[in-house]
Amino acid sequence: MTAFRISPAVADAFPDTLIALVTATGLRGHEPWPDTTAALEGLEQQLADDSWQPADESDPRIEAWHTAYRSFGTNPRRIRPSVDALGRRLAKKGTLPRINPAVDSYNSVSVHHGLPAGAFDLAHVTGDVDIRYADGSEKFTPLGEPDTIENPKPGEIIYADTTGVLTRHWNHRDAHRTRVTEDSTHVAFVLETLHATRDGHLLKMAAEELQGLLIPHAEQTAVHYLSPAQPQAAT
């Protein structure tokens, strides 16, 4: 069992944080996921029809993450929050990437609701996961770059287990080691907001939407919430 924790320092700095932890066991990534395909195509069609636009950096949901990034020394226009980068890609190209069903599912939910999302293959997570400030000694291997090793800057917010860093710049990029593939069967998905008072209802809708996409292709799913008042949850 893997626990996810918000460190006291991060909770103090971002007291209105709310994170949804959506877990799935017995995931079947090699079968068709028609609801996920429909969700992706639906967003692309709405964009083409000009009936919907992804949130951009003028949106309060994205603006909050830009402010957070600057607070720990990251330039959010050079190193963008994941949802910002994904929305910009969709707006520019008119399509979302197709990676695999599980990743496509959280990408569609992320861009639909304007909330950062990510996922970890729990088979490759060691120990518990802490959302904390980096001290500069940690190692990170970026997704798709298995031979690259980076060191997060001291003070940068990271997800980290007992082996190393799982995400840099809070939610900019995931690690190669814990990437989700078609073979992943036990996965923890995360959705995040820094303003639960304003956007907590959106986060809960997004978590329910993601869980709905997972249920037909998993033996079991669950949703837990992390906040400064409830800083730990077990998968």
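Preceding block: the structure.
Cut-offs and rules
- The residue count restarts for each chain, going from 1 along the sequence in the order it is written.
- Note on the predicted model: pLDDT of at least 70 is required for a residue's local features to be given, and 80 or more for side-chain atom pairs to be given and counted; whole-chain, interface and lining totals, by contrast, use all residues.
- Heavy atoms from the whole structure form the basis of all side-chain values; hydrogens and water molecules are not counted.
- Working definition: with a 1.4 Å probe on protein chains only, accessible area under 20% of the residue-type maximum means buried, over 50% means exposed, and in between means partly exposed.
- Runs of H or I in DSSP of at least four residues are treated as helices and runs of E of at least two as strands, each being numbered from the N terminus.
- Two strands are counted as paired when DSSP detects at least two bridges linking them.
- One less than the number of residues in a helix, times 1.5 Å, gives the span that helix is expected to have.
- Residue contacts are counted whenever heavy atoms from the two residues lie within 4.5 Å of one another.
- Put simply, the grid is 1 Å and covers the protein atoms alone, a cavity is a trapped set of points that fit a 1.4 Å probe, a pocket is an open set with protein on both sides within 12 Å along at least five of seven lines, and lining residues have an atom within 4 Å of a point.
- Grid points are joined across faces, edges and corners, and a volume is the space filled by probe spheres set on the points.
- Each polar contact in these results corresponds to two N or O atoms within 3.5 Å; when the atoms are within protein, one needs to be able to donate a hydrogen and the other to accept it, and residues that are neighboring in sequence are counted only if both atoms are side-chain atoms.

*Asks:* Mind laying out the pairing of strand β5 (residues 157-160), listing which residues take part and the relevant values?
*Replies:* What you see with β5 is no split at all: I157 and Y159 on one side and I158 and A160 on the other are buried throughout. The sheet contact formed by strand β4 (residues 129-133) and β5 spans 4 bridges and is antiparallel. Across the sheet, the residue bridging to R132 is I158, located in β5. By the bridge criterion, 2 bridges tie β5 to strand β6 (residues 165-168) in an arrangement that is antiparallel. Its bridge partner lying in β6, Y159 is registered against T167. Linking β5 to β6, which pair antiparallel, is a turn of 4 residues.

*Asks:* With reference to specific residues and values, describe helix α4 (residues 82-93).
*Replies:* Here α4 is 12 residues long and its end C-alpha atoms lie 16 Å apart, about the 16 Å a rise of 1.5 Å per residue gives. Where α4 is concerned, the buried positions are S82, V83, D84, L86, G87 and L90. Residues of α4 that are buried in the fold lie against α2 (34-48), α3 (60-71), α5 (101-113) and β3 (117-121). Of the residues one or two after α4, G94 is the one with positive phi, at around 85°.

*Asks:* An account of the layout of surface pockets is needed here, citing residue identities and associated values.
*Replies:* Take a probe with the size of a water molecule and roll it over the atoms, and the empty space left behind shows itself. Of the voids in this model, the largest pocket is the one considered here, and its volume is about 710 Å³. S82, Y106, N107, L143 and H172 are, among the 27 residues lining the largest pocket, the residues nearest its centre. Of all the secondary-structure elements, those providing two or more residues to the lining of the largest pocket are α4, α5, β3, β7 (173-174) and β8 (187-193). For the lining of the largest pocket, the leading source of residues is α4, giving 5 residues.

*Asks:* For α3, give the residues involved together with the corresponding values.
*Replies:* The terminal C-alpha atoms of α3, which comprises 12 residues, lie 16 Å apart, in line with the 16 Å expected from a rise of 1.5 Å per residue. All of the buried residues in α3 are R61, I62, A64, W65, H66, A68 and Y69. For α3, the secondary structure elements touched by its buried residues are α4, α5, β8 and α6 (196-214). A side-chain oxygen of the first residue of α3 lies 2.8 Å from the backbone nitrogen of R61; this N-cap is D59. Positive phi appears at G73, one or two residues downstream of α3, with a value of about 85°.

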